[in-house]
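Analysis of the macromolecular model
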Amino acid sequence: MTQGIYLSAMTPAAGKSLIALGLTDTLFKNSDRVGFLRPVHLGETPEQDPMLALMAQTFELPPERCRGAVTLDRCRELLASGDHDALDSAAVDVYAQMAEHCDVIVVDGTDLLAHNAATAEFDLNARLANNMGCSVLAVIGGQQAEHPEDLLNAVEVTRTELRDSKCDIFAIMVNRCPAEWVQEVAQKAKRGLHNLPVYVLPEVPEVISPTVEELVESAGLRSDLTDVTLDRDIKGVKIAAMNVEHFLELLVDGDLVITPGDRSDVLMATLAAALTPDQATPAGVLLTGGFVPEGLVRSFVAGAPFPVLSTEEDTYTAARRVGSTRGRIVKGGARKAAAALGAWANQVDGEELASRLRLERPERRTPLRFLHELVEQARRDRKTVVLPEGDDARILRAAEMIHRRGFCDLVILGEPDEVARLCDAEGIDLDFEADGLERIDFRHDAERRERYAEAYVEYRKHKGVDKDTALERMLDGSYFGTMMVQLGDVDGMVSGAAHTTANTIRPALEFVKTKEGVGVVSSVFFMLLEDRVLVYGDCAVNPNPNAEQLADIAKASAQTARAFGVDPRVAMLSYSTGSSGSGEDVERVTEATRLVQAEEPGFPVEGPIQYDAAVDASIAQKKLPGSEVAGHATVFVFPDLNTGNNTYKAVQQSAGAVAVGPVLQGLRKPVNDLSRGTTVEDIVNTVAITAIQAQNG
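A brief structural summary. (Residues numbered from 1 in each chain as written. Predicted model: local features only at pLDDT ≥ 70, side-chain atom pairs only at ≥ 80, totals over all residues. Heavy atoms only, no water.)

So, on to the overall build of the protein chain. Within the protein chain, the secondary structure is distributed over 28 helices and 22 strands. Relative to its length of 697 residues, the protein chain is compact, with a C-alpha radius of gyration of 29 Å against a globular reference of 26 Å. Considered along the principal axes of its C-alpha atoms, the protein chain spans approximately 80 × 65 × 50 Å. Counting all 697 residues of the protein chain, 55% fall into the buried class. Summarising the internal contacts of the protein chain: among those between residues at least 6 apart in sequence, 74% fall at separations of at least 24. The averaged location of the 105 negative side-chain charges in the protein chain is 3 Å from the averaged location of its 69 positive side-chain charges. (Helix = DSSP H or I, 4+ residues; strand = E, 2+ residues; numbered from the N terminus. Rg over C-alpha atoms; globule rule 2.2 N^0.38 Å. Buried < 20%, exposed > 50% of the residue type's maximum accessible area, 1.4 Å probe, protein only. Contact = heavy atoms within 4.5 Å. Lys, Arg positive; Asp, Glu negative; His and termini not counted. Charge placed at Lys NZ, Arg CZ, Asp CG, Glu CD.)

Below, the structure is given as structure tokens:
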């Protein structure tokens, strides 16, 4: 039977979108068929509703599992006419249709559409929840409270109101709580009849702060004076109504500067500050009164590392409009969603919450589910990963996303001014004073460079390496970062966005070395198909492995698969299945298979075997009847790099598979390589994989 959870805001602006996102993420990890319903949706069609669009995109929900019932205008008409039955009937009908496709449905109730009608809207949400047969997750906003006791009272009032309305209570959450009250409210909130915790989430500045892009959209501002990203947070507002000298003393990073458009002095001074190391860089400048710079000033402005906006409104009116603009998850893109999910994961025990429902564990491992699992697995035992390429904007953007999700600590290697310049230019928000985020100016860190050079001399003295050579090596980010891993200052390294694979791997081969009993470093790709995960090795490192190396690759690939939740059944691939063919290449695979079987008796490995016999049960029945691997293989070991690399790319392109990797294996400590065409998402996933490898030792 389909289970429903109805989200009901108990106060205006309670931040219900964050709760909806976090709850759906928790349920997504625990069910194959999650749905999301808005009984009252914005826009003429559900597709125009930004919350429905966000959920459909984030969790890849098909239309039958992500729906709206009635428009906001229609809802108001029905409420005004007193035709509650028509509204209830429409919502319940859509819920029933979705129930045919869903195991659990999150119902996102109305958002207290009118401040003076809170009671009527609570009644509406309670009635809809009961008619749908949903349990209620009540969300209390804490941002207007004057004392923690106010929120504790609100919890009790909410519990009473829900019971009086005959609602089944799934959970009560306090959101947007002042950070200094969170622990006190969580500890003192009464647990109710079923002894369930009341979860308390803090106000998340990265969520509530509007971005420049949100401001431009809501206020209809002109934004074509500069060509830089608008996806940057507005952390404060400064109105430049004083002379430049005093104004600059007050300017801080992330401020939106509002000034009349004919104040070229303010504009140029702000630009100079942004281009000067250790001076503040604003989120943007808003020019008011319809004035825009011309001539030489305009040419300077075009190169500003921040957006320059303009409006016809006067400064006072524009400032009021800016002050009333609030950040919204549905408009803030991936960065706000990452911050929201990070806050949820830090404060809510997802497993405890999911245990309140009767959900069967998911059987299908879709690409999205696998990638979500990576983040959660990394979060369970938080590790520290070093990123040596702090001069690459993709690395910095990925670091921002990882820090907001909060599943891994990071050390970024880079020259401070260059890192700051890239962050300013790309609107990347990295606070290196925050816990879990550190920047090291490695070329000028004399103490570390000296210590790492001495260690390098010790590791490489048999090769005649002297101190001067070692000091020179430590000017290379890959060597410096790898030595951090080797000496235990961090748990793993991810590099390669702007460097070759050899540049990433060479230091690890020199002094990290392979695990005991492993003869060769190799790699795998996780191939994420529509409903399952396969492991391909080696597709990136060893051109022509011999039999012993193939056996090593097989064993390492099986271990990697197991560490990431894939039950390893290993296929040693060849152009021949069983004894159907002969030749040196077949014999090499046969010998590799024998070596694995001799070392690991009972290990599920088959070879030589052709790819079709490894994946198709009907073909396997004809070619290798009785094999426990044939037709059911999950780990595929290719005979050489040429075959492996081409095959993974062919499957990726032709079958629409998501390829995650390469993931290096066989090293004593985790070091992973990125392709130079890597994306921000690739980097985030690789960091999560590296953290998990560090967990497994």
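The next point concerns the packing of helix H17 (residues 393-405) against helix H28 (residues 680-696). Contact geometry for H17 and H28: axes closest at 9 Å, N-to-C directions at 55°. With respect to each other, H17 and H28 are oriented oblique. As for how H17 packs across H28, the hand of that crossing is right-handed. Counted together, Arg-394, Ile-395, Arg-397, Ala-398, Met-401 and Ile-402 of H17 and Val-680, Ile-683, Val-684 and Val-687 of H28 form the full contact between these two elements. Residues that form the contact of H17 with H28 fall into these classes: eight nonpolar, no polar and two charged. (Axes fitted to C-alpha atoms, helices over the stretch in contact; angles between N-to-C directions. Parallel < 35°, antiparallel > 145°, perpendicular 65-115°, else oblique. Left-handed = near helix turned anticlockwise from the far one by under 90°. Nonpolar A, V, L, I, M, F, W, Y, C, P; charged D, E, K, R; others polar.)

Attention now moves to the layout of surface pockets. Here the second largest pocket is characterised by a volume of approximately 950 Å³. Along the wall of the second largest pocket there are 35 residues; nearest its centre are Asp-253, Thr-281, Ala-420, Cys-423 and Asp-424. Listed by contribution, the elements that provide at least two residues to the lining of the second largest pocket are helix H11 (264-274) and helix H18 (416-426). Here the lining of the second largest pocket takes nine residues from H18, the largest share from any one element. Its residues assigned to classes, the lining of the second largest pocket shows 16 nonpolar, five polar and 14 charged. (1 Å grid on protein atoms, 1.4 Å probe; cavity = no way out; pocket = protein on both sides within 12 Å on 5 of 7 lines; lining within 4 Å. Points joined across faces, edges and corners; volume = space filled by probe spheres on them.)

Between Gly-537 and Asp-538 the backbone carries a cis peptide bond, its omega angle lying at -10°. Within the secondary structure, Asp-538 sits in the loop between strand S17 (533-537) and helix H23 (547-563). In this chain, Gly-607 is followed by Pro-608 through a cis amide linkage whose omega measures -5°. Along the polypeptide, Pro-608 turns up in strand S19 (residues 605-609). The phi torsion at Asn-195 lies on the positive side, around 55°, for a residue other than glycine. Relative to the helices and strands, Asn-195 is located in the loop between helix H7 (182-188) and strand S7 (199-202). Despite not being glycine, Asp-278 has its phi angle at roughly 70°, a positive value. Tracing the backbone through its elements, the reader meets Asp-278 in the loop between H11 and strand S10 (284-288).

Okay, the sheet that holds strand S3 (residues 66-71) next. Taken together, seven strands build an open sheet; the order of strands is S3-S2-S4-S1-S5-S6-S7 and the sheet is parallel. Lying at the two open borders of the sheet, with one neighbouring strand each, are S3 and S7. Strand after strand, the sheet turns through a mean of 20° between neighbouring axes, direction not considered. Bridge analysis of strand S1 (residues 3-9) against strand S4 (residues 104-108) gives five bridges, and the strand direction is parallel. (Pairing = 2+ DSSP bridges.)

To continue, consider the nonpolar core. By size, the foremost hydrophobic cluster in this structure holds 61 residues, and its most contacted members are Phe-526 and Val-687. In this structure, Val-687 is in contact with Val-385, Leu-387, Ile-402, Phe-407, Cys-408, Leu-410 and Val-494, ignoring residues within four places of it in sequence. With 43 residues, the next largest nonpolar core counts Leu-27, Val-34, Phe-59 and Leu-61 among its residues. (Core = buried A, V, L, I, M, F, W, Y, C linked by side-chain atoms within 4.5 Å.)

Here Leu-27 shows up in helix H1 (residues 16-28). Overall, Leu-27 belongs to the buried group, its relative accessible area being 1%. The spatial distance from the C-alpha of Leu-27 to the C-alpha of Asp-164 is 28 Å, given a sequence separation of 137 residues. Excluding anything up to four places from it in sequence, Leu-27 contacts Ile-5, Val-34, Val-104, Val-106, Leu-357 and Leu-359.

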